[in-house]
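Residue-level structural notes
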Amino acid sequence: MDYRHLGRTGLRVSPLCPGTMNFGPETSEPDSFRIMDRALDLGVNFLDTANVYGRKQGEGVTEQIIGRWLERNPGQRDRIVLATKVYGRTGEGPNDQKLSAYHIRRACEDSLRRLKTDRIDLYQMHHIDRAAPWEEVWQAMEWLVGQGMVLYVGSSNFAGWNIAQANCLAAQRHFLGLVSEQSLYNLSARTVELEVIPACQAFGLGLIPWSPLGGGLLGGVLQKAEGGRRASERMQGQIERYCPQLERYEALCRDLGEQPADVALAWLLHNPVVTAPIIGPRTLEQLEGNLRALNVKLSEETLRELDAIWPGPGGQAPEAYAW
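Let me begin by describing the structure that accompanies this report. Computed from a predicted model, the values in this text were never measured in an experiment.

**Focus: the overall build of the protein**
Helix and strand counts for the protein come out as eleven helices and ten strands. Projected onto the principal axes, the alpha-carbon positions of the protein cover approximately 55 × 55 × 40 Å. Counting all 323 residues of the protein, 54% fall into the buried class. Within the protein, residue pairs in contact and separated by at least 24 positions form 78% of the contacts whose partners lie at least 6 positions apart. Within the structure as shown, the protein displays about 14,900 Å² of accessible surface, and the carbon and sulfur contribution to it stands at 48%.

Below, the structure written as structure tokens:
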């Protein structure tokens, strides 16, 4: 496994990160255990979750599943980098969401209890809270770090400006600040190249792309449709919208002798700002299939062809739209 540094930190993580959103709603607890066991066997040491995963408000179903896995396998805790998130609604009260110091501390304590661990290795803000001043947010995070409850802080779904604002103030407070950003990023969704990726480069954040296969769009959706698998209504709309690009893309993958999903993941991993795309395996087979992408090497010619099929915004801002 070719481990990568998480942004500017000394922490090294696997280049693919299993996301656990399916644990509970789609994947049974025993199967979730098997996926986590197999991931460790394969050298994957990075695991991502959130306190709102599980589709039952306030219960943290997915965190509880991971916690029971850790309880059953106490020796595994020091083998993984465990990431979770704060922001989403966890109750009916006015302070049961977002990024007040009140909610951050309480949400962290609740996550630690559900995960049955003494620390969160990467505590990510799931969204920007425009009502919470950064002085308040960093005061809360500094306290958690000081107590050993959190080691690193990351963001998710932040704009480039949010990253700059957050880390400039963190530096004034002599605090490490954000070390990672988890954003929507894939061949068909490249908006973050305008400002988020340049901000990550400038401030030393590792980019953790979510939905790296575009919700299945880039995973060979035309092949699957031809094979008789019925796409959802939403996916049918996506196929109709992107059909000419998908035909060119899947033809290119066939010419390369690679699976479309592997090419999509390899394209992300080619970007030096990317630390680890989030993969969301529902089964062991999906986990093992995703890892094949680590062996896919894309030539400069192939990268140019992919850019022609899935053009980005034209580069970073402002050069993408102004002189």
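**Observations concerning the sheet that holds strand E9 (residues 206-210)**
Within a sheet, neighbouring strands are paired by backbone hydrogen bonds and run either parallel or antiparallel to one another. Across the sheet, which stays open at both edges, the six strands sit in the order E4-E5-E6-E7-E8-E9 with parallel pairing between neighbours. Two strands bound the open sheet, and with one partner strand each, they are strand E4 (46-48) and E9. Strand-to-strand twist in this sheet, taken as the mean axis angle between neighbours without regard to direction, amounts to 25°. In this sheet, strand E7 (residues 150-156) lies alongside strand E6 (residues 120-125) in parallel orientation, the contact comprising five bridges. Pairing of Met 125 across the sheet is with Ser 155, part of E7.

**Topic: the nonpolar core**
Counting residues in hydrophobic clusters, the biggest one holds 86 residues, and the most contacted among them are Tyr 123, Met 125, Trp 134, Trp 138, Met 141, Leu 178 and Tyr 249. The leading source of residues in this core is helix H9 (residues 260-269), at eight residues. Other than its neighbours up to four places away in sequence, Tyr 123 contacts Thr 84, Lys 85, Val 86, Ile 104, Ala 107, Cys 108, Met 141, Leu 144, Val 150, Tyr 152, Val 153 and Gly 154. With 13 residues, the next largest nonpolar core counts Leu 6, Val 81, Ile 208 and Ile 278 among its residues.

**Some points on helix H6 (residues 196-203)**
Looking at H6, one finds that the buried residues are Val 196, Ile 197, Pro 198, Ala 199 and Cys 200. Residues of H6 that are buried make contact with helix H5 (160-172), strand E8 (178-184) and E9. Two residues or fewer after H6 comes Gly 204, characterised by a positive phi angle close to 75°.

**Comments concerning the packing of aromatic side chains**
For the coordinates displayed, the defined rule picks out six aromatic pairs. Through a chain of ring-to-ring contacts, the aromatic side chains of Trp 134, Trp 138, Phe 158 and Phe 175 assemble into a single cluster. In this structure, Arg 105 packs its charged tip against the face of Trp 143, placed 4.0 Å from the ring centre.

Here is what the cut-offs are and how they apply
- Residues numbered from 1 in each chain as written.
- Predicted model: local features only at pLDDT ≥ 70, side-chain atom pairs only at ≥ 80, totals over all residues.
- Heavy atoms only, no water.
- Helix = DSSP H or I, 4+ residues; strand = E, 2+ residues; numbered from the N terminus.
- Buried < 20%, exposed > 50% of the residue type's maximum accessible area, 1.4 Å probe, protein only.
- Contact = heavy atoms within 4.5 Å.
- Areas by Shrake-Rupley, 256 points an atom, 1.4 Å probe, with all protein chains shown as cover.
- Pairing = 2+ DSSP bridges.
- Axes fitted to C-alpha atoms, helices over the stretch in contact; angles between N-to-C directions.
- Core = buried A, V, L, I, M, F, W, Y, C linked by side-chain atoms within 4.5 Å.
- Phe/Tyr/Trp six-rings, centres within 6.5 Å; stacked < 30°, edge-to-face > 60°.
- Lys NZ or Arg CZ within 6 Å of the ring centre and 35° of its normal.

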